[in-house]
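Notes for the structure review
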Amino acid sequence: MTDSKYFTTTKKGEIFELKAELNSDKKEKKKEAVKKVIASMTVGKDVSALFPDVVNCMQTDNLELKKLVYLYLMNYAKSQPDMAIMAVNTFVKDCEDPNPLIRALAVRTMGCIRVDKITEYLCEPLRKCLKDEDPYVRKTAAVCVAKLHDINAQLVEDQGFLDTLKDLISDSNPMVVANAVAALSEIAESHPNSNLLDLNPQSINKLLTALNECTEWGQIFILDCLANYTPRDDRESQSICERVTPRLSHANSAVVLSAVKVLMKFMEMLPKDLDYYGTLLKKLAPPLVTLLSAEPELQYVALRNINLIVQKRPEILKHEMKVFFVKYNDPIYVKLEKLDIMIRLASQANIAQVLAELKEYATEVDVDFVRKAVRAIGRCAIKVEQSAERCVSTLLDLIQTKVNYVVQEAIVVIKDIFRKYPNKYESVIATLCENLDSLDEPEARAAMIWIVGEYAERIDNADELLESFLEGFHDESTQVQLQLLTAIVKLFLKKPTETQELVQQVLSLATQDSDNPDLRDRGYIYWRLLSTDPVAAKEVVLAEKPLISEETDLIEPTLLEELICHIGTLASVYHKPPSAFVEGSRGVMHKRLPARTGSGEGTECPDVGNAAGGSAPEAAPSIIPSQGDLLGDLLNLDLAPPTTTGPTPSTSGMQMGGMDLLGGGLDSLVGTALCNILIMSKLNSSLLSPQLGGDIGGSPAMGAGFGAAPTVMPASLNAPVGGGLGDLFDLGGGVGMPMGAYIPPKTVWLPAMKAKGLEISGTFARRAGVIQMELVLTNKAMSVMTDFAIQFNRNSFGLAPAGPLQVLTPLGPNQTIEVSLPLSTVGPVMKMDPLNNLQVAVKNNIDVFYFSCQYPISMLFVEDGKMERQVFLATWKDIPNDNESQFQIQDCHLNSEAASNKLQGSNIFTIAKRTVEGQDMLYMSIKLSNGIWVLAELKVQAGNPNYTISLKCRAPEVSQCVFQCYEAVLKN
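Every chain is numbered on its own, with residues counted from 1 as its sequence reads. Reporting of local features is limited, given that this is a predicted model, to residues whose pLDDT is at least 70; pairs of side-chain atoms are given and counted only at 80 or more, and all residues count toward the totals for whole chains, interfaces and linings. Side-chain measures were taken over the full set of non-hydrogen atoms in the model, leaving aside hydrogen atoms and water.

**Description of the overall build of the protein chain**
Counting from the N terminus, the helices are DSSP H or I runs at least four residues long and the strands are E runs at least two residues long. Scanning the protein chain from N- to C-terminus turns up 39 helices and 14 strands. Burial here depends on accessible area, computed with a 1.4 Å probe over protein chains only, as a share of the maximum for the residue type. Under 20% is buried, over 50% is exposed, and the range in between is partly exposed. Here the protein chain, with 972 residues, has 52% of them falling under the buried criterion. Throughout, a residue-residue contact means that at least one pair of heavy atoms, one from each residue, lies within 4.5 Å. A sequence separation of at least 24 residues applies to 71% of the contacts in the protein chain between residues at least 6 apart. A 1.4 Å probe and the Shrake-Rupley method give the accessible areas. Residues count as covered only by the protein chains that appear here. Summed over all atoms, the accessible surface of the protein chain reaches about 43,000 Å², with 51% contributed by carbon and sulfur.

This is the structure in structure tokens:
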């Protein structure tokens with residue numbers, strides 16, 4: 001009889017009976033009882049009351065019974081942590097059992113019991129098992145380290161298990177090596193900067209040796225680890241490729257894809273003129289083709305990966321077009337993927353074959369597939385110019401079938417063909433016009449309207465055709481309405497006398513009778529253009545259009561590189577980077593393909609994942625936390641208004657400058673456009689008020705949450721003074737009256753074209769000890785802007801709005817307003833690159849916009865930054881010489897007194913001055929808002945326009961920014 005009998009009983013009082021059976025003296029009865037308990041547990045019954053009785057059964061030599069008890073223990077240990085401690089002694093005892101299967105079973109179960117209380121008891125047994133003589137026990141213990149690290153990372157590091165794990169990479173048994181690699185990779189994934197897998201040519205050689213003898217899953221672990229290595233040069237790259245290539249013929253498709261990933265990555269480093277490069281391309285095709293003979297689900301995964309490979313290296317599969325031809329019994333998801341790859345591989349050499357296939361597909365019964373096939377014909381025409389005529393002819397044949405959805409798709413793609421090849425195929429317009437009445441889909445109607453408007457001068461009854469669409473204007477979709485408006489304006493500009501009434505009708509419908517702001521705006525623009533300057537209107541509306549590109553659906557190159565590094569994973573199926581769909585606290589590494597280097601150069605490639613040889617980057621000094629993930633920071637911003645008690649200065653004009661955060665900054669940090677959408681949706685949901693009208697009196701500031709600003713005061717302020725520098729202070733000269741603080745000129749931070757008509761420019765100023773962000777907001781859109789609010793990302797010095805953004809009246813079209821925003825320095829801190837970079841989000845009733853700008857660090861120089869002479873001397877001596885930086889300020893024509901006065905206006909204080917051999921030496925101190933002191937020695941020689949400045953600071957990374965401030969203040 002099978003074990004299914006254990007799942008059929010539903011008796012009452014069963015727990016009591018099981019308890020009695022578990023405590024029976026008969027081994028067989030005890031085993032039967034445990035099986036019943038496990039069966040009950042499996043179907044969802046609560047049998048936790050039997051915990052002590054089941055644990056008592058652990059003391060047995062029977063391997064099957066021990067496995068069942070351990071299974072029960074794994075399931076209930078978390079809910080009964082105090083009882084689970086009872087099992088510790090048995091684990092320790094089982095880890096020393098003469099049977100390696102029992103030792104391995106004990107250590108595996110230990111790793112699965114996620115109870116903090118008992119983890120420390122398991123360290124000693126685990127240490128013994130990691131050095132066990134039996135490889136089966138060692139490989140099980142290796143995986144247990146990763147599980148234990150997930151529960152208590154600090155414990156694993158303190159016990160030295162990570163070093164033991166690294167040693168196992170050199171183990172003689174390939175399965176132990178594979179599991180050690182798998183465990184280290186898992187740990188490294190949750191600690192991206194730990195550099196655990198410190199791969200070098202020696203360890204790579206060991207991995208490649210183990211690769212040949214591992215099980216298939218072991219091979220996958222090793223290949224994935226190899227993919228994170230960056231070879232030193234093309235010779236090493238070729239050597240690794242040669243040893244990985246045999247994996248391409250493996251029966252397991254996961255092994256094949258992992259091998260393809262390694263080869264695709266390392267091929268980047270091979271010179272294209274190398275014979276081996278061509279050989280490798282030929283070797284990659286057969287395994288990929290073989291994957292397409294598997295079951296449909298595997299085919300789909302293979303096709304999604306092939307889609308990436310073809311975009312990166314189409315030459316691999318350029319001769320394999322036929323394998324992507326659709327079979328009648330393929331599921332729809334496989335058909336659509338094959339169609340996509342066919343278009344990517346289409347070329348002049350195979351276009352006849354491809355078109356014949358596509359025409360066949362267009363007569364199928366599956367509507368989605370037929371639509372995609374018709375679109376594919378249009379894409380072929382755009383991609384392969386020589387085939388355009390044949391494609392247009394094929395599309396006309398399909399239009400003659402009069403099948404509604406085929407006709408509509410054909411019209412949409414013919415519109416694109418007109419855009420690609422102007423004045424070439426317009427003879428088919430008459431045929432298209434015959435099918436006007438059958439169009440019911442918005443995209444097809446919009447395409448047809450565009451064609452009529454664009455070629456109105458060639459269509460005799462163009463006005464009648466467009467008028468027929470105008471009759472149901474308000475029932476049309478927005479896409480059709482916009483296209484109809486533009487088409488009638490084009491028609492009017494081409495035939496003004498005949499269509500004046502028609503254009504007035506459409507402009508009236510668009511501007512007066514429509515609720516759609518996009519349609520209204522476009523209507524008003526056309527109306528004003530036509531009424532003020534018809535010549536300009538003609539130049540704008542009938543301007544020559546740029547030709548459309550061949551491939552509009554290619555994945556963006558940096559994202560493609562990252563996805564190639566993730567071949568064989570979910571990222572390659574979704575065509576999204578892992579950061580877009582992996583949730584949780586684990587840092588996701590952004591991977592990149594290595595740069596190509598010549599073998600003679602012997603240079604190290606940039607780090608990719610855990611790259612070779614390079615040590616982990618040094619941690620930044622504790623003064624400023626290191627920079628994190630921008631997306632995370634913007635999403636985690638505290639949206640509560642700040643609660644500072646500092647003075648709020650009066651408002652006045654302001655300014656700013658820098659790149660568009662979404663356009664340049666965020667994509668490079670996070671790797672995909674999806675991240676932009678995430679930020680937009682998050683900020684919109686939290687920032688936009690329920691009503692767009694909002695309160696005219698302004699909305700709450702979006703200041704970041706405040707934390708205590710870190711401070712570092714100069715050490716050894718009471719150090720003894722004397723000798724060396726000491727006597728120079730007796731020679732100090734008087735300092736004249738300071739001039740005003742330097743304020744940089746205003747620059748455009750956010751251009752109107754990137755912010756839906758809102759232009760932001762500005763600068764920073766320090767007035768009466770308060771930092772001001774002086775903004776100029778200009779509305780270059782046609783609609784009124786209200787509900788302004790502002791928020792900063794975490795930054796190096798904790799800058800945050802000290803109050804709301806005071807835009808008290810709505811900002812009308814073409815209006816400009818100047819606003820002064822007081823800033824505090826008690827916001828969240830994170831090191832930025834460059835140090836003075838500030839990332840800003842501005843919200844209004846239209847959207848949320850992002851930009852970054854750089855503030856002069858002189859804004860942070862506080863008024864009490866003048867050191868006592870003795871303190872200055874002691875501090876200068878106390879700061880290590882390694883922290884001293886020297887710079888040249890060129891073309892500065894001020895004498896030392898004028899320079900000192902100018903600098904004092906920006907809170908750069910002269911402590912002392914002396915003259916040596918005609919050269920003035922100024923000794924200066926600066927204090928930043930976070931307590932960092934900067935000491936300076938400025939050398940000024942009469943008649944020499946070049947100054948030398950030496951800066952000393954406990955945080956040397958600020959020296960470059962301080963030098964830039966010196967230069968800006970002295971030269972302006």
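**Some words on a negative patch on the surface**
Patches draw on residues past 30% relative accessible area with no salt bridge. Two like charges within 9 Å are joined, as are two nonpolar side chains (Val, Leu, Ile, Met, Phe, Trp, Tyr) within 5 Å. Salt bridges are identified by distance alone: a Lys or Arg side-chain nitrogen within 4 Å of an Asp or Glu carboxyl oxygen. Only four residue types enter the charge count: Lys and Arg as positive, Asp and Glu as negative, with His and the chain ends excluded. To locate a charge, take atom NZ for lysine, CZ for arginine, CG for aspartate or CD for glutamate. A surface patch of like charges, here negative, comprises Glu 464, Glu 467, Glu 471 and Glu 501. Inspection of the secondary structure assignment puts Glu 471 in the loop between α27 (462-470) and α28 (478-494). The class for Glu 471 is exposed, based on a relative accessible area of 70%.

**Some details on the sheet that holds strand β12 (residues 919-927)**
Pairing is antiparallel in the open sheet, where five strands are placed in the order β10-β14-β13-β12-β11. With one partner strand each, in any of the chains shown, β10 (884-889) and β11 (909-916) form the two edges of the open sheet. Neighbour to neighbour, the strand axes of the sheet diverge by 20° on average, direction disregarded. Strand direction decides the pairing type here: β11 and β12, joined by seven bridges, are antiparallel. Directly across from Thr 915, in β12, lies its bridge partner Asp 920. Strand pairing is assigned whenever DSSP identifies at least 2 bridges connecting the two strands. Note on method: axes are straight lines fitted to C-alpha atoms, helices fitted across the in-contact stretch only, with angles between N-to-C directions ranging 0 to 180 degrees.

**Let's talk about the environment of Thr 209**
With respect to the element layout, Thr 209 can be found in helix α14 (residues 201-211). Here a polar contact is taken to be a pair of N or O atoms separated by no more than 3.5 Å, where protein atoms must pair a possible hydrogen donor with a possible acceptor and residues adjacent in sequence count only if both atoms sit in side chains. Polar side-chain contacts of Thr 209 include one of 2.8 Å to the backbone oxygen of Asn 205.

**Considering a nonpolar patch on the surface**
On the surface, Tyr 524, Ile 525 and Met 782 cluster together to form a nonpolar patch covering roughly 250 Å² of accessible area. Mapped onto the elements of the fold, Met 782 is located in the loop between β4 (770-779) and β5 (789-792). Judged by relative accessible area, which is 35%, Met 782 ranks as partly exposed.

**Re unusual backbone geometry**
Here Asp 833 and Pro 834 are connected by a cis peptide whose omega angle stands at -5°. For Pro 834, the position within the fold is in the loop between β7 (816-824) and β8 (837-843). Positioned with a positive phi, Asp 891 is a non-glycine residue whose angle comes to about 55°. Here Asp 891 is to be found in the loop between β10 and α38 (896-904).

**Digging into the state of the cysteines**
We call a pair of cysteine sulfur atoms a disulfide when they lie within 2.5 Å. Enumeration over the complete set of coordinates arrives at zero disulfides. No disulfide involves Cys 95; its sulfur sits 4.0 Å from the nearest other cysteine sulfur, which is in Cys 129.

**Topic: the side chain of Asn 179**
The residue Asn 179 is located in helix α13 (residues 174-190) in this model. Residues contacting Asn 179, with those up to four places away along its chain left out, are Lys 139, Thr 140, Ala 142 and Val 143.

**Notes on the packing of aromatic side chains**
The criterion for an aromatic pair is that two Phe, Tyr or Trp rings (for Trp, the six-membered ring) have centres within 6.5 Å, with stacked assigned to planes under 30 degrees apart, edge-to-face to planes over 60 apart and tilted to the rest. A full pass over the atoms with the stated rule returns 12 aromatic pairs. For a Lys NZ or an Arg CZ to count as sitting over a ring, it must be within 6 Å of the ring centre and within 35 degrees of the ring normal. Just above the ring of Phe 369 sits the side chain of Lys 335; from NZ or CZ to the centre is 5.2 Å.

**Details of helix α30 (residues 517-532)**
Expected span, for any helix, means 1.5 Å times one less than how many residues it has. Helix length check: α30 (16 residues) gives 22 Å between terminal C-alpha atoms against 22 Å at 1.5 Å per residue, within 8%. Where α30 is concerned, the buried positions are Leu 519, Gly 523, Tyr 526, Leu 529 and Leu 530. For α30, the angular spread of the buried residues around the axis is 135°, confining them to a single face. Turned more than 90 degrees away from the buried face of α30 sit Ser 531 and Thr 532, all of them exposed. Buried positions along α30 lie against α28, α29 (500-511) and α31 (534-541). By definition, the arc is the one covered by directions from the helix axis to the C-beta atoms.

**Points about the sheet that holds strand β9 (residues 848-854)**
Judged by pairing direction, the sheet is antiparallel, and its three strands sit side by side in the order β5-β8-β9 without closing on themselves. Unpaired on one side and paired on the other, β5 and β9 mark the two borders of the sheet. Strand-to-strand, the axes of this sheet are offset by a mean angle of 25°, without reference to chain direction. Of the strand pairs in this sheet, β8 and β9 are connected by seven bridges, and their pairing is antiparallel. Following the sheet pairing, Lys 843 is matched in β9 by Val 848.

**Details of the nonpolar core**
Core analysis: the largest hydrophobic core is formed by 210 residues, its most contacted members being Tyr 72, Leu 126 and Phe 418. What Leu 126 contacts, discounting residues up to four positions off in sequence, is Val 107, Met 110, Ala 141, Cys 144, Val 145, Leu 148 and Phe 161. Within this scheme, the nonpolar core is defined by two criteria: the residues are buried Ala, Val, Leu, Ile, Met, Phe, Trp, Tyr or Cys, and they are joined through side-chain atoms within 4.5 Å. Residues Ile 790, Phe 849, Tyr 966 and Val 969 belong to the second largest nonpolar core, which totals 64 residues.

**Re the confidence of the model for the protein chain**
Per-residue confidence from the predictor is reported as pLDDT, which spans 0 to 100. Mean pLDDT over the protein chain: 78, with 82% of residues reaching 70 or higher. Confidence drops under pLDDT 50 across residues 598-737; counting only partners more than four residues distant or on other chains, this segment forms 338 contacts.

**Some thoughts on the pattern of salt bridges**
Within the structure shown, the criterion is met by 29 salt bridges. In this structure, the salt-bridge partner of Lys 927 is Asp 864, at a minimum N-O distance of 3.4 Å. With Lys 927 in strand β12 and Asp 864 in the loop between β9 and α37 (869-878), this pair connects stretches of sequence that are 63 residues apart. Linked through salt bridges whose partners overlap, the residues forming this network are Arg 371, Arg 375, Glu 409, Glu 441 and Glu 443.

**Quick notes on α29**
Over its 12 residues, α29 runs 17 Å from end to end, which matches the ideal 16 Å to within 8%, given 1.5 Å per residue. Turning to α29, its buried residues number three or more, namely Leu 502, Val 503, Val 506, Leu 507, Leu 509, Ala 510 and Thr 511. Those residues of α29 that are buried are in contact with α27, α28 and α30.

**Comments concerning the pairing of β7**
Here β4 pairs with β7 via eight bridges, running antiparallel. Residue pairing across strands places Met 773 opposite Leu 821, the latter belonging to β7.

**Let's talk about the packing of helix α16 (residues 234-244) against helix α17 (residues 253-267)**
Helix packing for two helices is described by the angle between their axes and how far apart those axes are. It is at 10 Å that the axes of α16 and α17 come closest, and there the two elements cross at 160°. Here α17 runs roughly antiparallel to α16, going by the angle between their axes. For the element pair α16 and α17, the recorded crossing hand is left-handed. Residues Ser 237, Ile 240, Cys 241 and Val 244 of α16 touch α17, and the partners they reach there are Ala 259, Val 262, Leu 263 and Phe 266. In this classification, Asp, Glu, Lys and Arg are treated as charged, Ala, Val, Leu, Ile, Met, Phe, Trp, Tyr, Cys and Pro as nonpolar, and every other residue, Gly included, as polar. Split into classes, the residues belonging to the contact of α16 with α17 amount to seven nonpolar, one polar and no charged. For classification, angles of less than 35 degrees are called roughly parallel, those exceeding 145 degrees roughly antiparallel, those between 65 and 115 degrees roughly perpendicular, and all remaining angles oblique. Crossing handedness: left-handed means the near helix sits turned counterclockwise from the far one by under a right angle, and right-handed means the same turn made clockwise.

**Things to note about the packing of helix α4 (residues 63-76) against helix α7 (residues 100-112)**
Where α4 contacts α7, the axes come no closer than 10 Å and their chain directions differ by 5°. Relative to α7, the element α4 is oriented roughly parallel. Counting all contacts with α4, which are made through Leu 63, Lys 66, Lys 67, Tyr 70 and Met 74, the residues of α7 involved are Leu 101, Ile 102, Leu 105, Ala 106, Thr 109 and Cys 112. For the contact of α4 with α7, the class distribution of residues is eight nonpolar, one polar and two charged.

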